[in-house]
Amino acid sequence: MTAKSLIEISRKDPNRMYMFVVGGCGEFGMNLTIYAHKGYAYVVDAGLSFAETYEIGIDARIPDIAQIEAILGGKPTAFLITHGHEDHIGALPYLLEHWPAPVYIGPWAMELVKEKLNQLKNREPYAFHEVRAGDIINLPEMRVHWFHVPHSIPFCCSLMLEGGEHRVFHTGDFKMNGFLPYEKSLDIEALKTLAGKAPVLAVVSDSTNAHSPGHCPSELITRPALTEVVARAQGVTFLTTFSSNLWRLQNILLIACELGKKVFVFGTGMRRSLEIAQRLKMLGAEAACLVDEDGSKRVERKDLIVLCSGCQGEHKSGLKRILFDEIQFMEAREGDQVIFSSRVIPGNEKPLAKLMSMCAFKGISTISAREFPGIHVSGHAYSEDLKSVMEALQARYTIPVHGTFQQLNTNGELSNKPTVDVMNGQITALNADGVEVIAQHELHLQFVDSFSRRPMSYDTMRERHKIGDSGLAILSGFIESEQIEIDMDFVGMPFDNDTDMERMKAKLMAELKGLVRNIRNSNDFNYESFNDRARLTVRRTLSDRFIKKPVVISRVTLFEDTHDGLAD
Ligand SMILES: [Zn+2]
C-alpha cells in the first residue's frame with residue numbers, strides 16, 4: 001500500500017469492500033477486524049489475547065492503537081460487537097479512550113464492557129446502542145443486520161455487513177444447536193432468506209472447531225452427564241466452568257433444583273454473570289436454589305454445590321483458594337468432589353495438574369471432561385455447522401478467521417467456494433470480480449499491566465521482562481576531585497552470599513575508578529559520558545559473571561563537571 005491511508009483508499013475506490021484483519025488469525029484471541037467502505041471504517045469486535053506466561057506482570061495483549069489509527073488514517077466510525085467474550089470485547093475499553101465512536105452491542109456484552117470501564121475509572125459518556133438479533137442498523141455507507149446465533153454466552157449475533165452491493169457475513173463465534181428453551185437454535189431458513197436478498201460476497205467464518213466432525217451438540221447434552229455426577233456426591237460438589245457461560249450455570253441451577261440441592265456461588269466472575277442474568281430477567285424458578293454464605297453453612301455437605309472459578313487452574317481462582325485452605329468459611333475435605341466442566345485451554349495443563357494433584361492429596365475425587373466428555377460442550381461450530389452456513393449463504397468467497405493457521409486451513413477446506421487466506425496485518429480488497437491483497441503490515445502490540453490495567457508499550461514490557469529475567473544494578477553517589485563515593489545496589493542477581501556480593505562491589509569499584517582516570521585524561525568528563533560508560537562497564541562485568549546482561553542504572557553526580565546544567 002502507498003502512504004495513503006485505508007480510509008482514504010476506500011473513499012476513492014467505492015467499488016470494493018476493504019477488510020483489515022488486526023487480530024485473531026493464527027492465534028487464540030484478539031479478534032478484531034476492520035471493514036472499510038467508501039471512506040468509513042467499522043471495527044467488528046475488539047478482543048484481547050491473554051498474556052504469555054513469560055510476560056511478567058502482564059494480563060493481556062491488545063493491538064497498538066496508535067499504529068492502527070495511522071494505518072486507517074483516522075478514527076473508525078463505529079464499533080460493532082458480536083458478543084461478550086474477552087477475546088471479542090477485552091480491548092474495547094482501551095480503544096474507546098482513543099476512538100470514542102458509537103458502540104453497537106448486545107445487552108450482555110454491554111453490561112460487561114460498562115463494568116470494565118468502571119474498573120478503569122473511566123466515566124466518559126460513550127455512546128452505547130443496544131442491539132438485538134433481528135435489528136438492522138443503518139450507518140454511513142454500511143448497513144448491518146444482526147442475526148441470532150447460539151454460542152456459550154447469551155445475546156450472540158453474526159453480522160451481515162452491507163456496504164452497497166458488497167455483502168459480507170461475519171459469523172463471529174457460533175454454533176447451530178441452541179440451549180432450548182433459553183437460547184434458540186440457528187434458524188437456517190432465516191439465514192437463507194437473508195442471504196437470498198442479494199448475492200453475498202464473502203463469509204468470514206469462525207474456524208475454532210473446523211476439525212471436529214458433525215454438528216456441535218447443544219448445551220442440553222451436558223444435563224444428563226452433569227446430573228449423574230452431581231447426584232452421586234458424598235460430600236460437597238465443587239463445580240468449576242467458564243464464568244461467562246450462563247447456559248452452563250443455568251444448567252447447574254436446574255440440576256440442583258431437580259436434585260433438591262443448593263448452590264453457593266463463590267467467585268466474582270460467576271456472581272457477575274448471574275447478576276446480569278437476573279437484571280436481564282433471564283433466570284426463572286431455578287434461581288431459588290441459590291444460597292448465600294450463611295445459607296451454605298446450613299446445608300448438608302452432600303447437598304451443597306459450590307460454583308467457583310478455577311477451571312483453568314488460575315492462580316487466584318476460588319477453587320484454588322479453597323483447596324489451599326485460604327477461605328475460612330469454606331473447606332474442601334475428603335469425600336468431596338471437584339467437577340471441571342470445561343475444556344483445557346492450551347498452555348493451562350500444568351496449573352490444572354497442580355490443582356488436581358492437590359485434590360488427590362486431600363482425598364477429593366476429580367471429574368473432568370477428559371474421562372467424562374458429556375460434562376462439557378463447546379460453543380463453536382463443528383465442520384457440519386460451518387458447511388451448513390456456507391451452503392445457506394452461497395457466498396462468493398470463504399474467509400476463515402478466528403483460529404490457528406491449522407484451524408483456518410481446515411475451515412477453508414470445508415468450503416466449495418474460493419477461499420481467501422488472511423492473516424493479521426493484512427488488508428484485502430474484495431468485490432465480485434476478484435480479491436487483492438493491498439498491504440501486509442507488521443502489527444505491534446500493547447501489554448495490559450495486571451494491577452493498574454493500563455496498557456504499556458512493547459519497549460516498557462521488554463524492560464520489565466529484562467529486569468525480571470536478568471536483574472537490576474543501580475549506581476548512585478558523587479565524584480568530587482579525588483573523592484569517589486559510589487553506592488551499588490543489586491536486585492535479583494544470584495550472588496552466592498553477601499561476601500560474594502561485596503567482592504563484586506570491590507571489583508566494580510576498582511573498574512569505575514579506572515574509568516574516572518581514563519575519562520579525565522580524555523577531557524570528556526561530564527555527567528552523561530561518565531554514567532553511560534559506567535553503565536556499560538558494570539553491565540559487562542556482571543554479565544561475565546552471570547552470563548545474562550542485567551539492566552544497569554547509573555546516576556552518579558560529578559561536582560567538577562563543567563558542562564551546562566549537568567553538574568547538579
Ligand atoms: Zn466467544
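Parameters at a glance
- Residues numbered from 1 in each chain as written.
- Predicted model: local features only at pLDDT ≥ 70, side-chain atom pairs only at ≥ 80, totals over all residues.
- Heavy atoms only, no water.
- Donors = N, O, S within 2.8 Å, 3.2 Å for Na, K, Ca; no water.
- Tetrahedral: all angles 85-135°; square planar, octahedral: opposite > 155°, others 65-115°.
- Helix = DSSP H or I, 4+ residues; strand = E, 2+ residues; numbered from the N terminus.
- Buried < 20%, exposed > 50% of the residue type's maximum accessible area, 1.4 Å probe, protein only.
- Expected span 1.5 Å × (residues − 1).
- Arc of directions from axis to C-beta.
- Contact = heavy atoms within 4.5 Å.
- Phe/Tyr/Trp six-rings, centres within 6.5 Å; stacked < 30°, edge-to-face > 60°.
- Lys NZ or Arg CZ within 6 Å of the ring centre and 35° of its normal.
- Pairing = 2+ DSSP bridges.
- Axes fitted to C-alpha atoms, helices over the stretch in contact; angles between N-to-C directions.
- Disulfide = S-S within 2.5 Å.
- 1 Å grid on protein atoms, 1.4 Å probe; cavity = no way out; pocket = protein on both sides within 12 Å on 5 of 7 lines; lining within 4 Å.
- Points joined across faces, edges and corners; volume = space filled by probe spheres on them.
- Nonpolar A, V, L, I, M, F, W, Y, C, P; charged D, E, K, R; others polar.
- Domains from an automatic or database assignment.
- Buried area = accessible area lost by both parts, 1.4 Å probe.
- Salt bridge = Lys/Arg side-chain N within 4 Å of Asp/Glu carboxyl O.
- Polar contact = N/O pair within 3.5 Å; in protein donor to acceptor, adjacent residues only side chain to side chain.
- Parallel < 35°, antiparallel > 145°, perpendicular 65-115°, else oblique.
- Left-handed = near helix turned anticlockwise from the far one by under 90°.

**Digging into the coordination of the zinc ion**
Alright, step 1. Protein-derived coordination of the zinc ion comes from His-83 (NE2), His-85 (ND1), His-151 (NE2) and Asp-173 (OD), at a distance range of 2.1 to 2.2 Å.
Alright, step 2. The coordination sphere of the zinc ion comprises 4 donor atoms, whose angles at the metal cover 90 to 164°; the geometry is irregular.
Alright, step 3. Between consecutive donor residues of the zinc ion, the sequence gaps follow H-x1-H-x65-H-x21-D. Of the two residues, His-151 is situated in the loop between strand 10 (142-148) and strand 11 (157-163) and Asp-173 in the loop between strand 12 (166-170) and helix 6 (188-196); the sequence distance between them amounts to 22 residues.
Alright, step 4. Overall, the relative accessible area of 1% leaves His-151 in the buried class.

**Things to note about helix 9 (residues 268-279)**
Alright, step 1. Between its first and last C-alpha, helix 9 extends 16 Å over 12 residues, near the 16 Å set by a 1.5 Å rise per residue.
Alright, step 2. Within the span of helix 9, buried status applies to Gly-269, Met-270, Ser-273, Leu-274, Ile-276 and Ala-277. One face of helix 9 carries all of its buried residues, which in axial projection span an arc of 155°.
Alright, step 3. Buried residues belonging to helix 9 abut helix 5 (107-119), helix 8 (246-259), strand 15 (262-266), strand 16 (290-291) and strand 17 (304-308).
Alright, step 4. Remark: Lys-281 follows helix 9 within two positions and exhibits a positive phi of approximately 55°.

**Focus on the packing of aromatic side chains**
Alright, step 1. Tallying each qualifying case throughout the model produces 11 aromatic pairs.
Alright, step 2. Note on Phe-147 and Phe-169: the rings are 6.2 Å apart at their centroids and 70° apart in plane angle, and the pair reads as edge-to-face. Here Phe-147 is found in strand 10, whereas its partner Phe-169 is found in strand 12, with 22 residues between them in sequence.
Alright, step 3. Ring geometry for Phe-266 versus Phe-329: centroids 6.1 Å apart, planes at 75°, classification edge-to-face. With a gap of 63 residues between them, Phe-266 in strand 15 and Phe-329 in the loop between helix 11 (318-323) and strand 18 (337-340) connect regions that are remote in the sequence.
Alright, step 4. Look at Phe-266 and you get buried, because its relative accessible area is 10%.
Alright, step 5. A cation over an aromatic ring shows up here: Lys-320 above the ring of Phe-324, its NZ or CZ 5.8 Å from the ring centre.

**Considerations on the sheet that holds strand 27 (residues 551-558)**
Hydrogen bonding along the main chain pairs the strands of a sheet, whether they run parallel or antiparallel.
Alright, step 1. What the 3 strands build is an open sheet, ordered 26-25-27; its pairing is mixed. Because the sheet does not close on itself, it has two edges, and the strands there are strand 26 (483-491) and strand 27. Between one strand axis and the next, the sheet turns by 10° as a mean value, whatever way the strands run.
Alright, step 2. Two elements, strand 25 (residues 472-480) and strand 26, share 9 bridges in a ladder whose sense is antiparallel.

**Observations concerning the state of the cysteines**
Alright, step 1. Enumeration according to the criterion identifies 0 disulfides in this entry.
Alright, step 2. Between Cys-156, a cysteine without a disulfide, and Cys-157, which holds the nearest cysteine sulfur, the sulfur-to-sulfur distance is 6.8 Å.

**Examining empty space enclosed by the protein**
With a probe scaled to a water molecule rolled over the atoms, the places where space remains empty come into view.
Alright, step 1. Taken as a whole, this structure holds 2 cavities of 30 Å³ or more when the rule is applied.
Alright, step 2. Its boundaries defined by the atoms lining it, the largest cavity holds a volume of some 100 Å³.
Alright, step 3. Forming the walls of the largest cavity are 15 residues, and the residues nearest its centre are Asn-31, Thr-33, His-170, Val-401 and His-402.
Alright, step 4. Among the secondary structure elements, those contributing two or more residues to the lining of the largest cavity are strand 1 (17-23) and strand 2 (32-37).
Alright, step 5. Here the lining of the largest cavity is built from residues that sort into 5 nonpolar, 8 polar and 2 charged.
Alright, step 6. Of the volumes computed, that of the second largest cavity is approximately 50 Å³.
Alright, step 7. Lining the second largest cavity we find His-151, Ser-152, Lys-175, Glu-183, Glu-219, Asn-245, Trp-247, Arg-248, Val-377, Ser-378 and Gly-379.
Alright, step 8. Here the lining of the second largest cavity is composed, by residue class, of 2 nonpolar, 5 polar and 4 charged.

**Observations regarding the sheet that holds strand 14 (residues 237-240)**
Alright, step 1. Strand order in the open sheet made by the 6 strands is 16-15-17-14-18-19, with parallel pairing throughout. The sheet is open, and its two edges are formed by strand 16 and strand 19 (365-368), each paired on a single side.
Alright, step 2. Both strand 18 and strand 19 contribute to a ladder of 4 bridges, which runs parallel. Bridge pairing in strand 19 links Phe-340 to Ser-368.
Alright, step 3. Most of the contacts of helix 8 go to strand 17, to which it runs at about 175°, and overall it touches strand 14, strand 15, strand 16 and strand 17.

**Here we look at the domain arrangement of the protein chain**
Alright, step 1. Domains assigned within the protein chain are domain 1 (6-215 + 379-458), domain 2 (219-373) and domain 3 (471-558).
Alright, step 2. Between the C-alpha centres of domain 1 and domain 2 there is a distance of 32 Å.
Alright, step 3. Across the contact, 17 residues belong to domain 1 and 19 residues belong to domain 2.
Alright, step 4. The contact between domain 1 and domain 2 buries some 1700 Å² in all, and 68% of this surface belongs to carbon and sulfur atoms.
Alright, step 5. On the domain 1 side of the contact with domain 2, Trp-108, Phe-179 and Tyr-182 bury the most area, a combined 39% of that side's loss.
Alright, step 6. There are 2 salt bridges connecting domain 1 and domain 2.
Alright, step 7. Our count for the contact surface shared by domain 1 and domain 2 stands at 5 residue pairs in polar contact (both at pLDDT 80 or more).

**Remarks on the packing of helix 7 (residues 222-231) against helix 8**
For any two helices packed against each other, one specifies the crossing angle of their axes together with the interaxial distance.
Alright, step 1. Axis separation between helix 7 and helix 8 bottoms out at 10 Å; the angle between their running directions is 50°. When the axis of helix 7 is compared with that of helix 8, the two are oblique. For the crossing formed where helix 7 meets helix 8, the hand is right-handed. Contacts from Thr-222, Arg-223, Leu-226, Thr-227, Val-230 and Ala-231 of helix 7 reach helix 8 at Arg-248, Asn-251, Ile-252, Leu-254, Ile-255, Glu-258 and Leu-259.
Alright, step 2. Looking at the contact of helix 7 with helix 8, its residues break down into 7 nonpolar, 3 polar and 3 charged.

**Observations concerning the side chain of Asn-531**
Alright, step 1. Assignment of secondary structure puts Asn-531 in helix 17 (residues 527-546).
Alright, step 2. For Asn-531, a relative accessible area of 5% translates into the label buried.
Alright, step 3. Engagement of the side chain of Asn-531 in a polar contact is seen with the backbone oxygen of Tyr-527, the distance being 3.0 Å.

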